[in-house]
Amino acid sequence: MRQPPLRLVRVLLALYPRAFRRAYAADMTRLFAERHAEAVRDGRPWRFTLRALANLAATGIAERWQGGRPTMTGFARDIRYALRLLRRQPSFALFVILTLGVGIGASTAIFSVVNTVLLRPLPYDDADRLVRVWGRFDPESGFDFPQFPLSNPEFLEYQAHTRALEAIGAFANSAVTVGGDAASDPERVRAAAFTAAMFDALHVAPAPGRPFSAEEMQPGGPDVAVLSHGYWQTRFGGDASVLGRKVSINGRPTEVVGVMPEGFGYPSLETRLWTPLRIDPADPGGRSSHGVHAIARLADGASFESARAELAVLMEDWKVRFPDVHTGHYLFLQPLLEDVAGTVRPTLLTLLGATGLVLLIVCANVASLVLARGEGRTREIAIRGALGSDRWRLVRLSLAESVVLAAAGGTLGLALAYGGIRALVAIDPASIPRSVEIGIDPAMTIFAAGAAALAAALFGLAPALRGARADLHQRNPGAQVLRRRGAGGATHPHQRKRRFRSLDDDCRHRRGRAHGRTRRDRAGVVLLSAVAASAYPRQHRAEPGGVRARGR
Amino acid sequence: MGMTDDPRALLPLPPHDLHVLLALLESPRHAYGLSQTVGDADGPGGAVRLEIGSLYRVLARLTAKGVIEDFDPPPDAEGHEARRRYYRITAFGRRVAAAEAVRLDFVLRQARRHRLLPSKGGR
């Protein structure tokens with residue numbers, strides 16, 4: 001806890017309304033860091049952090065729900081009461097919060113991965129206009145490859161034929177040796193060869209520097225390379241003078257002409273540099289020599305469907321012209337996002353479903369716990385009814401408890417999800433595409449909050465409604481309880497009077513404590529007081545969470 | 001923005017709001033200074049715990065009602081200080097604080113009458 005958890009602070013700030021955030025979020029984050037440093041000096045950083053984070057969550061929700069109005073209205077008072085009750089039963093509270101935390105944490109973590117990998121657009125302009133071109137070999141061709149690279153002639157012909165695609169670029173993966181001359185040690189890095197159209201299709205350009213020129217794309221052109229931002233930083237110290245300098249790549253002096261923007265990494269985030277991919281139209285190589293990959297951007301006015309239809313026509317043509325190659329072998333298009341996320345998609349969706357089920361089971365378990373505990377509180381609730389609480393108030397009281405538990409569980413879940421994702425990415429970043437993009441973000445907070453709210457509704461509503469039935473009607477078990485306990489109560493007028501005087505004191509004690517043996521004995525007293533109170537002006541009667549109607 | 005020119009419309013002031021106003025009556029402050037003053041046992045707040053989220057809700061609320069206003073740091077502020085936003089009480093804010101003081105005075109007189117407090121001048 002030496003470092004302030006500023007990312008968690010920022011995530012919690014997402015709870016506040018946008019305008020509030022815009023005005024104060026930066027200041028609040030800074031103040032948090034300063035106060036945290038103080039707390040570290042005083043040797044109590046955990047205490048400070050937990051308190052401040054809980055306060056941020058609570059005030060964020062309050063600000064969003066009730067705007068600038070001060071808190072401590074009815075529901076806030078119920079919440080305080082619920083907190084006090086739960087403090088009296090720490091093991092129950094802890095168990096429920098841990099259970100909820102694990103359930104919400106697991107589903108939030110998986111949601112975050114699903115959101116980043118499957119739902120969020122790729123980090124390119126109009127990324128949904130990008131498509132991947134693949135070759136396929138159906139079994140009738142004698143092979144069975146659902147995805148296969150293209151041959152140069154296939155690529156060139158498709159490029160010349162298409163109207164639905166505005167830029168179609170080819171690339172090939174490679175690995176190169178950088179350095180190894182007198183000036184530096186050799187290093188083997190992942191690289192890719194790009195045609196110039198790759199930059200056009202992805203709508204990215206090196207900065208600083210420039211993409212490959214037309215001359216550099218010519219067969220036999222000069223040796224040039226573009227570096228990734230990360231590689232520029234680590235190998236060349238972010239030195240801008242590297243532009244125009246010759247670096248030894250595969251033993252050939254190669255001029256560095258550009259650096260890609262930070263975060264760019266295609267085909268892989270581990271690609272360190274790009275060289276020109278030169279395809280000679282005069283000598284493209286064999287039609288069955290498949291070595292290049294292709295991506296493209298849909299032209300204005302073209303849709304994925306129209307591009308696919310156009311390609312189908314071309315494939316019919318190829319089948320006729322090159323029957324020995326294009327029998328059971330053809331090209332097809334796939335949205336780029338599907339291609340990137342493709343292999344993990346079913347796994348992730350299964351996991352998401354599974355964690356959703358786990359969350360439901362967690363809710364069911366917690367609901368039964370809360371219900372079982374509610375049985376023990378029948379009397380308390382009946383007393384509240386006797387003292388003049390209306391049903392809605394009782395429902396609210398019970399809901400307040402669920403809200404407190406769910407909020408605590410949700411916060412814990414968010415923390416677990418955050419830790420889990422970091423661990424997942426740290427252990428094996430390559431196992432999930434786009435893993436470095438996965439992080440804690442507002443969508444994740446909103447999901448955790450939503451999961452917590454859903455949980456609160458699921459496990460809170462049943463006990464709340466059950467509690468609401470405990471009114472003073474004859475057939476009601478709560479009322480029976482009251483009558484049973486009250487039977488031996490005080491009858492002498494003096495006693496009654498004295499006990500009536502102690503009504504307020506008694507209630508104040510009672511609401512502070514859980515129902516226990518000693519409380520049962522007081523129930524009779526309270527009932528009598530309640531009977532007396534029915535002759536008392538209504539505003540003086542007790543209500544749950546605040547014994548007297550207070551004039552705040 | 002919920003502006004009103006009757007200070008009594010804002011009464012009673014929630015405790016945190018009052019403590020922030022008291023601290024600002026002493027001198028203009030930034031949020032960090034406020035959180036220290038209000039949390040300081042010897043300060044005008046008498047050690048009220050004011051967490052960050054609550055503090056900024058109070059600041060936002062009082063600003064929206066024209067009770068306080070923020071301003072750029074003084075030109076001689078350096079480093080950290082120069083980037084902070086400062087808050088001061090407005091003329092309307094003084095009237096609100098005064099109205100609250102009158103109200104509290106009434107409350108205290110009631111308390112004395114019920115012997116919750118010793119009478120003035122006597123022990």
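Predicted, not measured: the structure shown is a model, and the values here were computed from it.

Parameters at a glance
Residues numbered from 1 in each chain as written. Chains lettered and ligands numbered in written order. Predicted model: local features only at pLDDT ≥ 70, side-chain atom pairs only at ≥ 80, totals over all residues. Heavy atoms only, no water. Core = buried A, V, L, I, M, F, W, Y, C linked by side-chain atoms within 4.5 Å. Buried < 20%, exposed > 50% of the residue type's maximum accessible area, 1.4 Å probe, protein only. Helix = DSSP H or I, 4+ residues; strand = E, 2+ residues; numbered from the N terminus. Pairing = 2+ DSSP bridges. Salt bridge = Lys/Arg side-chain N within 4 Å of Asp/Glu carboxyl O. pLDDT = per-residue confidence, 0-100. Contact = heavy atoms within 4.5 Å. 1 Å grid on protein atoms, 1.4 Å probe; cavity = no way out; pocket = protein on both sides within 12 Å on 5 of 7 lines; lining within 4 Å. Points joined across faces, edges and corners; volume = space filled by probe spheres on them. Nonpolar A, V, L, I, M, F, W, Y, C, P; charged D, E, K, R; others polar. Phe/Tyr/Trp six-rings, centres within 6.5 Å; stacked < 30°, edge-to-face > 60°. Expected span 1.5 Å × (residues − 1). Arc of directions from axis to C-beta. Axes fitted to C-alpha atoms, helices over the stretch in contact; angles between N-to-C directions. Parallel < 35°, antiparallel > 145°, perpendicular 65-115°, else oblique. Left-handed = near helix turned anticlockwise from the far one by under 90°.

**Some words on the nonpolar core**
Reasoning step 1: Grouped together as the largest cluster of nonpolar side chains are 47 residues, with contacts concentrated most on M28(A), V20(B), L21(B), Y56(B) and L59(B).
Reasoning step 2: Listing elements by their share of this core, those giving two or more residues are helix 1 (6-13), helix 2 (18-42) and helix 3 (45-66) of chain A together with helix 1 (15-26), helix 2 (31-39), helix 3 (52-64), strand 3 (86-89) and helix 5 (91-113) of chain B.
Reasoning step 3: Membership of the second largest hydrophobic core comes to 39 residues, among which are V114(A), I438(A), A452(A) and A455(A).

**Considering the pairing of strand 5 (residues 187-194) of chain A**
Residue and element names in this part refer to chain A.
Reasoning step 1: When strand 4 (residues 165-178) meets strand 5, the two strands line up antiparallel, connected through 8 bridges. Each bridged residue has a counterpart across the sheet, and for V176 the counterpart in strand 5 is V189.
Reasoning step 2: Both strand 5 and strand 9 (residues 273-276) contribute to a ladder of 4 bridges, which runs parallel. Opposite F194, over in strand 9, you have P276 as the bridge partner.

**Comments concerning the sheet that holds strand 1 (residues 29-30) of chain B**
Residues and elements named next belong to chain B.
Reasoning step 1: Taken in spatial order, the 3 strands of this open sheet run 1-3-2, and their pairing is antiparallel. Each edge of the sheet is formed by a strand with only one pairing partner; in this case those strands are strand 1 and strand 2 (68-71).
Reasoning step 2: Relative to strand 3, strand 2 runs antiparallel, the two sharing 4 bridges. From the neighbouring strand, I68 faces strand 3, where its bridge partner is I89.

**Comments concerning the pattern of salt bridges**
Reasoning step 1: By the definition in use, this model includes 22 salt bridges over all chains.
Reasoning step 2: When the shortest N-O distance is used, the salt bridge between E34(A) and R84(B) registers 2.8 Å. One end of the pair, E34(A), is in helix 2; the other, R84(B), is in the loop between helix 4 (80-83) and strand 3, on a second chain. Like E34(A), the residue R84(B) is buried in the burial classification.
Reasoning step 3: The salt bridge involving R8(B) is made with D6(B); its shortest N-O contact spans 3.5 Å.
Reasoning step 4: Under the relative-accessibility criterion, D6(B) is labelled partly exposed at 31%.
Reasoning step 5: A single salt-bridge network, built from bridges that share partners, covers D27(A), R30(A), D70(B) and R85(B).

**Examining the confidence of the model for chain A**
Residues and elements named next belong to chain A.
Reasoning step 1: Here chain A shows a mean pLDDT of 78. Residues at 70 or above account for 78%.
Reasoning step 2: Every residue in residues 470-479 is under pLDDT 50, and counting partners more than four places away or in other chains gives 19 contacts.
Reasoning step 3: Note on residues 483-552: pLDDT under 50 across the span, and 87 contacts to partners over four residues away in sequence or across chains.

**A short note on empty space enclosed by the protein**
The rolling of a water-molecule-sized probe over the atoms marks out the regions of remaining empty space.
Reasoning step 1: Within the structure shown, the criterion is met by 5 cavities of 30 Å³ or more.
Reasoning step 2: Elements supplying a minimum of two residues to the lining of the second largest cavity: helix 2 of chain A together with helix 2 of chain B.
Reasoning step 3: If you tally residues by element for the lining of the second largest cavity, the top one is helix 2 of chain A, at 4 residues.
Reasoning step 4: The residue makeup of the lining of the second largest cavity, split by class, is 5 nonpolar, 1 polar and 5 charged.

**So, the pairing of strand 3 of chain B**
Reasoning step 1: Here strand 1 of chain B pairs with strand 3 of chain B via 2 bridges, running antiparallel. Among the inter-strand pairings, R29(B) is bridged to a residue of strand 3 of chain B, identified as Y87(B).

**Things to note about the packing of aromatic side chains**
Centre distance and the angle of the planes are the two values used to describe a pair of aromatic rings.
Residues and elements named next belong to chain A.
Reasoning step 1: This structure, assessed with the given rule, holds 20 aromatic pairs over all chains.
Reasoning step 2: Arranged with centres 6.0 Å apart and planes meeting at 55°, the rings of F194 and W274 form a pair that is tilted. Of this pair, F194 sits in strand 5 while W274 sits in strand 9, and the two are 80 residues apart along the sequence.
Reasoning step 3: Residue classification places W274 among the buried positions, given a relative accessible area of 0%.
Reasoning step 4: Ring plane angle 55° and centroid distance 5.4 Å describe the contact between F264 and W274, whose orientation is recorded as tilted. Of this pair, F264 sits in the loop between strand 8 (252-259) and strand 9 while W274 is found in strand 9, placing the two residues 10 residues apart along the sequence. By the burial criterion, F264 is buried, and W274 matches it.

**As for unusual backbone geometry**
Reasoning step 1: Of the consecutive residues A207(A) and P208(A), the connecting peptide bond is found in the cis state with omega at 5°.
Reasoning step 2: For P208(A), the position within the fold is in the loop between helix 7 (196-202) and helix 8 (214-217).
Reasoning step 3: Cis peptide bonds are those with omega within 30 degrees of zero, and the linkage from L11(B) to P12(B) qualifies with -10°.
Reasoning step 4: Mapped onto the secondary structure, P12(B) falls in the segment before helix 1.
Reasoning step 5: Not every positive phi belongs to a glycine, and N250(A) is a case in point at roughly 50°.
Reasoning step 6: If you check the backbone angles, R115(B) has positive phi at about 60° while not being a glycine.
Reasoning step 7: Position of R115(B) among the secondary structure elements: in the segment after helix 5.

**Section: helix 10 (residues 304-321) of chain A**
Helical geometry: 3.6 residues make up each α-helical turn, so side chains three or four residues apart lie on a common side.
Residue and element names in this part refer to chain A.
Reasoning step 1: The end-to-end C-alpha separation of helix 10 is 26 Å, in line with the 26 Å expected for 18 residues at 1.5 Å each.
Reasoning step 2: Residues of helix 10 that are buried: F304, A307, E310, L311, L314, M315 and W318. Along the axis of helix 10, the buried positions cluster into a sector of 145°, meaning they face one direction only. Exposed side chains of helix 10 directed beyond 90 degrees from the buried face belong to V313 and V320.
Reasoning step 3: Residues of helix 10 that are buried in the fold lie against strand 1 (130-137), helix 6 (152-161), strand 4, strand 10 (290-298) and strand 11 (329-335).

**Re the packing of helix 2 of chain B against helix 3 of chain B**
Geometry of a packed helix pair, given as the angle between the helix axes and the separation of the axes.
Residue and element names in this part refer to chain B.
Reasoning step 1: Put simply, helix 2 and helix 3 touch, their axes get as near as 11 Å, and they point 115° apart. Relative to helix 3, the element helix 2 is oriented roughly perpendicular. In the crossing of helix 2 with helix 3, the sense of the turn from one axis to the other is right-handed. Side by side, helix 2 and helix 3 meet where A31, L34 and S35 of the first sit next to L55, Y56 and L59 of the second.
Reasoning step 2: Across the contact of helix 2 with helix 3, the residue classes break down as 5 nonpolar, 1 polar and no charged.

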